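Descriptive analysis of the structure
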Amino acid sequence: MTIIDYLKRQFIEEGAITRKFLALVHDGDWHYKPHEKSMPMNALATHIADLPGWFHMTLTPDDLDCAKCPEQTPLKDNQELLAYFDKKYAEGLSVLVAENEALLQNPWTLRHADNIFLTEPKVSVLCMSMSQQIHHRAQLGLYLRLLNIPIPGSYGPSADENKFM
C-alpha cells in the first residue's frame, strides 16, 4: 500500500465519522459554547468542515500565506455546514491520487506574510490535518454531550449506541 492509498483510506473513514457528528449540530445551538474560553459551536463546526480541504491546499500549492486568505463567510445553518463540508471533502479527496505520491516529501510552508510558522514535508502536514479533524471532532462531541445530544460511535459504538453500557 502506498502512502497516498493509506491517506485516502483514512480520509474516507474519518470523513464519514466527521459528517455524522456535523449532522448533529442543531441550528438552535449555533452559538453555544460550554466555557468562556471555548469557541462557539458554529466556529468549531465550520473549522471541522474546512479541514478536509487542507488536503487539497497542501498538495496543490507549496505554501499558505494567511495574510492573503479571505475571511470565512459565516455559515447560517446546518444545511450550509454540511454542504460546505461536502465541498471541502470532495476537494480533499480529489488530490489523493497516485500521481501525487511524488509530492509528499516536498516542503510546505505556513506563513503570515514574512512570519513563517512552520515548514514541513507535505505528508506531515496531511497527517497533522487529519489529527486536527479528529481532535476537533472530539471537542464537538463534548459540546453535543453537554447539550444531551446522543453521540455516534467513532471507532465502535458510543455509550449512546451500546446497550451494554
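Residues numbered from 1 in each chain as written. Predicted model: local features only at pLDDT ≥ 70, side-chain atom pairs only at ≥ 80, totals over all residues. Heavy atoms only, no water.

1. Some thoughts on the environment of I116
The following threshold applies: Every helix listed is a DSSP run of H or I at least four residues long, and every strand listed is a run of E at least two residues long, numbered separately from the N terminus. Working rule for contacts: check all heavy atoms of both residues, and any pair within 4.5 Å makes them a contact.
Position of I116 relative to the elements: it lies in strand β3 (residues 115–121). Separated by 51 residues in sequence, I116 and D65 have C-alpha atoms that sit 8.9 Å apart. Not counting residues up to four positions away in its chain, the partners in contact with I116 are T109, L110 and R111.

2. Digging into the sheet that holds β3
Defined as follows: Two strands form a pair only when DSSP identifies at least two bridges running between them. For helices, the axis comes from a line fit to the C-alpha atoms of the stretch in contact; other axes are also lines fit to C-alpha atoms, and the angle between any two N-to-C directions lies between 0 and 180 degrees.
Taking strand neighbours across the sheet as the criterion, the three strands line up as β1-β2-β3 in an open arrangement whose pairing is mixed. Lying at the two open borders of the sheet, with one neighbouring strand each, are β1 (63–65) and β3. Averaged over all adjacent pairs, the angle separating strand axes in this sheet is 10°, with direction ignored. Sheet analysis places strand β2 (residues 107–112) next to β3, joined by six bridges and oriented antiparallel. Note on β3: the bridge partner recorded for R111 is I116. Across the face of the sheet, helix α5 (residues 122–146) comes into contact with β2 and β3 while running at roughly 100° to β3.

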